[in-house]
Amino acid sequence: MSTTLPPRDPAADSAVLDVQQLTALVQRQADLIEAQQRQIDWFKRQLFGRKSERFVPPPDPQQLHLGQLLGELPATPAADESTSEVGPHKRRKPRGDFADDSAPASFFDETKVPVHTIEVANPEAQALAPGQYEVIGEKVSYRLAQRPGAYVVLKYVRPVIKRLDTLTLHCPSAPEGVIDGSRADVSFLAGLVLDKFAWHIPLYRQHQRLLDAGFKLSRGWLTQLVQQAAQLLQPIYETQFDSIRLSRVKAMDETPIKAGRAGVGKMRAGYFWPVYGELDEVCFPYFESRRHEHVQEALGLCNVPGAVLLVRRV
């Protein structure tokens, strides 16, 4: 018995061929998209990954900042870096800081560390003749300081005198520091903060460098110094942020960062929001998310009636 096949439909064959061609085309496009996505991911790693310092492009001399673009800002006078003024701060004296007179100088090795001795004049003896008093002793305090490329210990020697007419003892106080009662000099504090935040040298590496230089210091003390330095800089940060808020044009973007624990072996995601003003000011407020109200809070627009915020994400 013979079976007769129905005649082939040319239209059906053409439809099957079109489907196969479309399938092959979609597959080729998917492969191309995947290859391009791998390239994009590679470029992102080069720009934003661990090797980002090697791939930072040089500044474009033709690129104007916001103040130059507006053409309405006066010339900014050059800052005088020869002097700096630090206001007094009263803080509770930390325990075990070796800054008091009775504590031994056990936080550094005197055979390896250069010591710069500073004689502190007694103001009580300046108006007296040499026969009106006698030096019966001295008190010594130590302060860790920093010089470019090296560490040095500032040794303050303060004579203790006894007035023969009144039989009273007098000794000048140790010079005040930006952190009350701390053995860290302002030069060491500035170098510590600059090395960490400007040159990206972690505290554990700075601690290793101090140990190699002959100092006996704990890493936790360096962490406390950074926290205290941040408190000292808080008024400067707030003043600079107020200046940014007064700018007519501002630039703002978010940068993700891992901060805090979200669980076992996991870090919680947070965001720094760099804000750039017309006078080249930059501040980095931190928020836990990318919500729209954080932008309004940072720019001070939450309580401003009629304020309009235009956000463009790139």
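Cut-offs applied
Residues numbered from 1 in each chain as written. Predicted model: local features only at pLDDT ≥ 70, side-chain atom pairs only at ≥ 80, totals over all residues. Heavy atoms only, no water. Pairing = 2+ DSSP bridges. Helix = DSSP H or I, 4+ residues; strand = E, 2+ residues; numbered from the N terminus. Core = buried A, V, L, I, M, F, W, Y, C linked by side-chain atoms within 4.5 Å. Buried < 20%, exposed > 50% of the residue type's maximum accessible area, 1.4 Å probe, protein only.

Caption draft 1: Layout of the sheet that holds strand 9 (residues 282-283). Taken together, three strands build an open sheet; the order of strands is 5-8-9 and the sheet is antiparallel. One side of each edge strand has no neighbouring strand; the edge strands of this open sheet are strand 5 (251-252) and strand 9. With two bridges joining them, strand 5 and strand 8 (residues 275-276) adopt antiparallel strand pairing. By the bridge assignment for strand 8, Ala251 is matched with Tyr276.

Caption draft 2: Representation of the nonpolar core. Within the largest apolar cluster, 25 residues are counted, with the highest numbers of intra-cluster contacts made by Leu144, Phe188, Phe215, Trp221 and Leu225. Put simply, the parts of the chain that give this core at least two residues each are strand 2 (133-147), strand 3 (150-163), helix 3 (186-198), helix 4 (203-212) and helix 5 (219-245). At six residues, the largest contribution of residues to this core is made by helix 5. Phe241, Tyr271, Cys283 and Ala298 belong to the second largest nonpolar core, which has 10 residues in total.

Caption draft 3: Region of interest: the sheet that holds strand 10 (residues 286-287). Ordered by their spatial adjacency, three strands build an open sheet running 6-7-10, and the pairing between neighbours is antiparallel. Edge positions in the sheet fall to strand 6 (255-263) and strand 10, since each of these pairs with one other strand and no more. Relative to strand 7 (residues 266-272), strand 6 runs antiparallel, the two sharing six bridges. From the neighbouring strand, Gly263 faces strand 7, where its bridge partner is Lys266.

Structural measurements only, silent on function.
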